[in-house]
Every structure is written in C-alpha cells, then in structure tokens.
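Residue-level listing of the chains:
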Amino acid sequence: MNRTNNKETEKSNKLTTISISKENYFILKKMGQTSDSFNDVLSRLLKNNYLLESDRS
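Criteria and cut-off values
Residues numbered from 1 in each chain as written. Predicted model: local features only at pLDDT ≥ 70, side-chain atom pairs only at ≥ 80, totals over all residues. Heavy atoms only, no water. Salt bridge = Lys/Arg side-chain N within 4 Å of Asp/Glu carboxyl O. Buried < 20%, exposed > 50% of the residue type's maximum accessible area, 1.4 Å probe, protein only. 1 Å grid on protein atoms, 1.4 Å probe; cavity = no way out; pocket = protein on both sides within 12 Å on 5 of 7 lines; lining within 4 Å. Points joined across faces, edges and corners; volume = space filled by probe spheres on them. Helix = DSSP H or I, 4+ residues; strand = E, 2+ residues; numbered from the N terminus. Contact = heavy atoms within 4.5 Å.

A few words now on the pattern of salt bridges. The full count for this structure, using the stated rule, is one salt bridge. A salt bridge links Arg44 to Asp36; the nearest nitrogen and oxygen atoms lie 3.0 Å apart. Given the relative accessible area of 23%, Asp36 is considered partly exposed.

Given below as structure tokens:
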C-alpha cells in the first residue's frame, strides 16, 4: 500500500455517514463554496454556534 492509500484509509476511519433531508442538503450546498465539503460547512456552523454559546457563559 502506498502513502496516498494510507492517508485515505486514515481519513476514512475518522469519518462517518449521516442522513439529512433533501431540504437540508440543498441548504448546506448553498452555504458552501465550490471546493467545500459538507463536513467543511458543518464544521464552520458548529464552531460558530459553539463560540456563540460560550460567549453567553
């Protein structure tokens, strides 16, 4: 196995599959940039939400 395959295997071991509605799929798709994955978009949303909640404390 070459280095690229090792990195891909390591990355895939850190990911999981989720199900979302078609409506949310299209909303997330519109929120991202061309090169963004859904994981990128969700990461930004979750980080922003966490930061907002931590400001309340």
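To continue, consider the layout of surface pockets. In this structure, the largest pocket encloses a volume near 260 Å³. Together, Lys14, Leu15, Thr16, Thr17, Ile18, Ile20, Leu28, Phe38, Asn39 and Leu42 line the largest pocket. Take the lining of the largest pocket: its biggest share by element is three residues, from helix 3 (residues 38–56).

Turning our eyes to something else, we now look at the environment of Leu42. Along the chain, Leu42 turns up in helix 3. Along the chain, Leu42 and Gly32 lie ten residues apart, while their C-alpha atoms are 9.2 Å from each other. Once you skip the residues sitting within four places of it in the chain, Leu42 turns out to touch Ile18 and Leu28.

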